[in-house]
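Observations on chain architecture
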Amino acid sequence: MKLLAIDTSTVACSVALQVQEFVLQRHEEQEREHTRLLVPMIEDVLAEGECTLASLDALVLGIGPGSFIGLRIAASLVQGMAHGAGLRVAAVSSLLAVAEEVFESHETEQVYVAQDAHMDQVYLGCFAFGDGVELLSAERLQSQDRLPELDDGDSAVRIAAGAGWSRYPALWSVNADGFESRADVHFPSARYLLPAARRLVETDGLLDAAAVEPTYLREQVATPPRHP
């Protein structure tokens, strides 16, 4: 299987190419540099992997939630490439990619991923490992309050991940007792979009380019203001 994965939902600009069992990656954490970095990264991994867009089985997009501008950069590019090369797209949560990396490197039952959503909120995703990484409840905007999931009587081993916990110390302080630890995985890496993408390829869960939509969650940012 040949897949090209892209994520620019956070300060990380990340690209990965899977060619059968091998994965090539380019990953840089530079705020507001995605437009400059992304296309050269893609050209780099394709050249190193001796692949063309037309030879791929699908494109993979980290659909957020995350930065509005970052999401639009990757989504627009992926849609253009998919349309031009006649490819379909595997749309994968960027929060899930962080959880995927944590599950690979830690012994835990659940991973709670928080990314900075600004306005004193985080984007929160709660994940468990079953038939792959699975979402426990809908991704949401979360204020700096106690997470209700931590008081539901479930004694699962939980790990926190993502940059949101560091960005808002009060969020961690009020929830720390519900976690085993906090993983040093802050931003999504494109290579960790690939496991979920492979499952989408195998189950015919790919999207046509025109149907791809980033996950914004905060509607007032994604929707232009109405004028009287």
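Every value quoted in this text rests on a predicted model; they were computed, and no experiment measured them. Numbers given to residues run from 1 along each chain, matching the order in which its sequence is written. Reporting of local features is limited, given that this is a predicted model, to residues whose pLDDT is at least 70; pairs of side-chain atoms are given and counted only at 80 or more, and all residues count toward the totals for whole chains, interfaces and linings. Based on all heavy atoms of the structure, the side-chain values leave hydrogens and waters out of the count.

Structural notes on helix 6 (residues 194-202)
Each α-helix turn comprises 3.6 residues. Residues three or four places apart therefore point the same way. Under the scheme applied here, a residue whose accessible area is under 20% of the maximum for its type counts as buried, over 50% as exposed, and between as partly exposed, the area being computed with a 1.4 Å probe on protein chains only. Numbered from the N terminus, helices here are DSSP runs of H or I no shorter than four residues, and strands are runs of E no shorter than two. Looking at helix 6, one finds that the buried residues are Leu194, Pro195, Ala196 and Ala197. Among the structural elements, strand 1 (2-7), strand 2 (12-19), strand 3 (22-29), strand 4 (58-62), strand 5 (89-92) and helix 3 (94-105) are those in contact with the buried residues of helix 6. For this analysis, residues touch if any pair of their heavy atoms sits within 4.5 Å.

Here we look at the sheet that holds strand 8 (residues 132-142)
When DSSP finds two or more bridges between a pair of strands, those strands are recorded as paired. Across the sheet, five strands lie side by side as 8-7-6-9-10; this open sheet has mixed pairing. Across the chains shown, the open sheet's two edge strands, defined by having one partner strand only, are strand 8 and strand 10 (181-182). Sheet analysis places strand 7 (residues 121-130) next to strand 8, joined by eight bridges and oriented antiparallel. Bridged to Leu124 within strand 8 is Arg140.

Section: the pairing of strand 6 (residues 110-118)
Burial within strand 6 is extensive, with seven of its nine residues counted as buried. One ladder, built from eight bridges, connects strand 6 with strand 7; its direction is antiparallel. Bridged to His118 within strand 7 is Gln121. Hairpin connection from strand 6 to strand 7: two residues lie between these consecutive antiparallel strands, with Met119 at a positive phi of about 55°. Alignment of strand 6 against strand 9 (residues 158-161), held across four bridges, turns out to be parallel. Bridge assignment links Val113 to a residue of strand 9, and that residue is Ala161.

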